[in-house]
Amino acid sequence: MTLSRIEEFDNRIIFAKTLIKLAQENPKIVVVCNDSIGSSNLTEFRDLFPERLIDVGIAEQNMVGIAAGLANSGLIPFVCAASPFLTGRALEQIKADVVYSRANVKLCGMSPGVAYGELGPTHHSIEDIAWMRALDSLTIVLPADEMQTKEALIWAANTEGPVFMRIGRFKVPSVSQGMNPAFVPNKAMRIIDGTDISIIAAGTLVSRAIEAALQLKSEGISARVINLSTVVPLDRTEILAAAKETKGIITVEESVTRGGIGGAIAELVVQNNPVPMKLLGIDTFAPTGSASFLLEHFGLTAINIVNSARELLNNGE
Amino acid sequence: MAAANTKEISDLARDIRLQVLLTIKNAGMGHIGGDFSVTDILATLFSAVLKVDPKNPNKIDRDRLILSKGHAAVALYSVLALRGFFPIDDLKTFAKPLSSLNGHPNRNKVPGVESNTGPLGHGFPIAVGTAIGSQLNNNQSRTFVILGDGELQEGSNWEAAMFAGHRKLTNLIAVIDHNGFQQGSPISRTNDLSPLDKKFESFGWEVRVINGHDYQSLLSAFTDAQTKPRVVIAQTVKGKGVDFMENKAEWHHKVPSAEQYEAALLQLSKQ
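Basis of the calculations
Residues numbered from 1 in each chain as written. Chains lettered and ligands numbered in written order. Predicted model: local features only at pLDDT ≥ 70, side-chain atom pairs only at ≥ 80, totals over all residues. Helix = DSSP H or I, 4+ residues; strand = E, 2+ residues; numbered from the N terminus. Rg over C-alpha atoms; globule rule 2.2 N^0.38 Å. Buried ≥ 20, exposed ≤ 12 C-beta atoms within 10 Å, placed from the backbone. Contact = placed C-beta atoms within 7 Å. Nonpolar A, V, L, I, M, F, W, Y, C, P; charged D, E, K, R; others polar. Axes fitted to C-alpha atoms, helices over the stretch in contact; angles between N-to-C directions. Parallel < 35°, antiparallel > 145°, perpendicular 65-115°, else oblique. Left-handed = near helix turned anticlockwise from the far one by under 90°. Domains from an automatic or database assignment. Expected span 1.5 Å × (residues − 1). Pairing = 2+ DSSP bridges.

(A) Expanded view of the overall build of chain A. A tally of regular secondary structure across chain A gives twelve helices and 14 strands. For a compact globule of 317 residues, the expected C-alpha radius of gyration is about 20 Å, and chain A comes in at 19 Å, within 12% of that figure. Structurally, chain A occupies a C-alpha span of about 60 × 40 × 40 Å along its principal axes. The 317 residues of chain A split such that 56% are buried. Of all intrachain contacts in chain A linking residues separated by at least 6 positions in sequence, the fraction that spans at least 24 positions is 79%.

(B) Here's a closer look at the overall build of chain B. Looking only at helices and strands, chain B has nine helices and five strands in total. Each helix (α) and strand (β) of chain B, taken in turn from the N terminus, gives the series α-α-β-α-α-β-α-β-α-α-β-α-β-α. Rg of the C-alpha trace for chain B: 17 Å, near the compact-globule value of 18 Å for 271 residues, within the 12% margin. C-alpha atoms of chain B, sized along the principal axes, occupy 50 × 45 × 35 Å. Burial status across chain B gives 52% buried among its 271 residues.

(C) Geometry of the environment of Asn11(A). Residues and elements named next belong to chain A. One can find Asn11 in helix H1 (residues 11-25). Judged by C-beta crowding, with 30 C-beta atoms within 10 Å, Asn11 ranks as buried. Sequence-wise, Asn11 and Glu146 are 135 residues apart; in three dimensions their C-alpha atoms are separated by 5.4 Å. Look past the residues within four positions of Asn11 in its chain and what remains in contact with it is Pro143, Glu146, Thr149, Ile167 and Gly168.

(D) Highlighting the interface of chain B and chain A. Every contact between the two is made by 25 residues of chain B and, on the other side, 25 residues of chain A. Those elements giving two or more residues to the side of chain B that touches chain A turn out to be helix H4 (123-136) and helix H5 (155-166) of chain B. Broken down by element, the residue count for the side of chain B that touches chain A peaks at ten residues, all from H4(B). Residues that form the side of chain B that touches chain A fall into these classes: ten nonpolar, eleven polar and four charged.

(E) Structural context of the packing of helix H1 (residues 6-27) of chain B against helix H3 (residues 73-82) of chain B. Residues and elements named next belong to chain B. Here H1 crosses H3 at 125°, and the two axes come no closer than 9 Å. Compared by their axis directions, H1 and H3 come out oblique. Of the two elements, H1 crosses H3, and the hand of that crossing is right-handed. In this structure, H1 uses Leu12, Asp15, Ile16, Gln19, Val20, Thr23 and Ile24 to contact H3, whose residues at the interface are Val74, Ala75, Ser78, Val79, Ala81 and Leu82.

(F) Up close: the domain arrangement of chain A. All names here are of chain A. For chain A, the assigned domains read domain 1 (8-173) and domain 2 (189-316). Computed from C-alpha coordinates alone, the two centres of domain 1 and domain 2 are separated by 26 Å. With 29 residues of domain 1 at the contact, the number on the domain 2 side is 28 residues. The set of elements that each furnish at least two residues to the side of domain 1 that touches domain 2 consists of helix H6 (128-133), strand S6 (139-141), helix H7 (146-157) and strand S8 (172-173). Element by element, the count of residues in the side of domain 1 that touches domain 2 is highest for H6, at four residues. Here the residues of the side of domain 1 that touches domain 2 sort into 17 nonpolar, seven polar and five charged.

(G) Quick peek at H4(B). Residue and element names in this part refer to chain B. Between its first and last C-alpha atoms H4 spans 20 Å; for 14 residues at 1.5 Å apiece the expected length is 20 Å, and the two agree. H4 sits mainly inside the fold: twelve of its 14 residues count as buried. Along H4, the positions that sit buried rather than exposed are Gly123, Phe124, Pro125, Ile126, Ala127, Val128, Gly129, Thr130, Ala131, Ile132, Gly133 and Ser134. Positioned one or two residues after H4, Asn138 has a phi angle of 55°, which is positive.

(H) Up close: the sheet that holds strand S14 (residues 277-280) of chain A. Residues and elements named next belong to chain A. Overall, mixed pairing links the five strands, which are arranged S9-S11-S10-S13-S14 in an open sheet. Each edge of the open sheet is held by one strand with a lone partner, namely strand S9 (189-192) and S14. Each neighbouring strand pair of the sheet contributes to a mean axis angle of 20°, computed without reference to strand direction. As defined by bridge partners, strand S10 (residues 197-201) adjoins strand S11 (residues 223-227) across five bridges and the pair is classed as parallel. Note that in S11 the partner of Ser198 across the bridge is Arg224. Along the sheet, helix H9 (residues 236-245) makes contact with S9, S10, S11 and strand S13 (249-252), crossing S11 at roughly 165°. Sitting on the sheet, helix H10 (residues 261-272) touches S10, S13 and S14, and the angle it makes with S13 is about 150°.

(I) Seen up close, H7(A). All names here are of chain A. The end-to-end C-alpha separation of H7 is 17 Å, in line with the 16 Å expected for twelve residues at 1.5 Å each. By the criterion of burial, H7 is predominantly enclosed, with ten of the twelve residues buried. Looking at H7, one finds that the buried residues are Glu146, Met147, Gln148, Thr149, Lys150, Glu151, Ala152, Leu153, Ala156 and Ala157.

(J) Looking closely at the sheet that holds strand S2 (residues 29-33) of chain A. Residue and element names in this part refer to chain A. The strand order across the open sheet built from seven strands is S3-S2-S4-S5-S7-S6-S12, with neighbouring strands paired in mixed fashion. Either end of the sheet is taken by a strand with one partner, and the two such strands are strand S3 (53-55) and strand S12 (230-232). Across the sheet, the mean angle from the axis of one strand to that of its neighbour is 20°, orientation sign disregarded. Of the pairings in the sheet, the one linking S6 to strand S7 (residues 163-167) comprises three bridges and is parallel in character. When the sheet's bridge partners are listed, Ile140 is paired in S7 with Phe164. On the sheet, helix H3 (residues 60-72) packs against S2, S3 and strand S4 (76-82) and is oriented at approximately 165° with respect to S4.

Spelled out as structure tokens, the structure:
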């Protein structure tokens, strides 16, 4: 496994392309958005299917309720909105109208995590995973790269039931080169095998976990890298295998660890096969800075993952 | 629409109220005041307006009735049972452990329920969604959403009203069960809605203000042709049909005693 940083992708591009292709094949697919045609990269979709793009304006509660109504009419609505406003402002609509009602709505949280960088914590979406994970059986998908975004989207369109997906704008390299399929629904995907320590990462940060594993390998430490592209349902088998077969687990996420990915893994591990863990994430409101700066600021870097792995292994001995 | 048979509607209304009374007495809980204020609206819709099929409740081109004031679940359950969506006997299970009939409706458990309402301000946006959905599906399905008046204090309703007006949805009717009370006190004392008609007019709606217990007015409000979304401000009486419950805020969710039950039963049976 190597990582090429030459080509990096904004997942919103492939998201929009794939959505258009799906809409061409299936007349039931519609988009609901909140004045977010530009930020969700939907201009071409609107030009091709003007009636199937429902822009409610700046009104997230209405947006999600309308999507639930469209699903009630047998359509397959993709709600495309900046993740902080979609999941925060419309949380009760997501709970009652979509998840509790089991409406076939696809919630696409655009530009999640700290993607909005300098715009600040109001525009960051670091709580979304914890909020969505608290709901009963809402599938949560965090594609890590272009190919995963495409395949996850196709899967979501063809699978009945509510889904929350994060669609990143932070440019990332491909992490699923040579993997076919790039996305396996309901599974955590082992990208690199290893026996000393496990690194479980998602979304933007999978490529950094891979970089860290490559660095650790050069130091003689065998790190397993798991891409947690699906957080709910959690792949118990793969996570518990990591707990059994390696000496510790590091989780890496662009979100709060409380109730987030770190929380999810810890809940499972502590009840079944406790091992030392280190949870890397963003647990405070961010200071001012670009997305790239903020990921560094919060230690969501290959080098910090490497250091955390060393610490965890040293403490264990 | 076939010539209106108001006798049929009033018979259904009486039966709904009787089932509501019995169900709430059995369960020891429920929102009887709001159930009774919305009863004539439901009776009119289910007797003579809605194109729905109890044998095929999920037919794609059915009319949608979304009860946004989900706390009036017992009135909805009663009319659905009386129209054959599920056995009337099931009403006895209301609010009992593991019953499909929860305190607020669940569409995955109760045939004829369109959405899991309960928190207020949710039904209106959903109704706008089903109305747009039927346009996209190119069918004649119409959507009715029943709103409590108190719930109009929730901002999400106005997001929905604004968008429906903007899109000139002619297949959407919002019915406001305007009984003037919210849980604790009169609406006018809490956070007044007036002028409700002018608010909706300014949002691009056709407004009808009618007596919400007059079947002819309800019928024409529900069946006349539309050129824009229509709001029916149905002036209703909370607790309608039982004199000692009418216009009393405490009957929002009070449960009748044995004597009150007998007295109410006597009054309703004569209607």
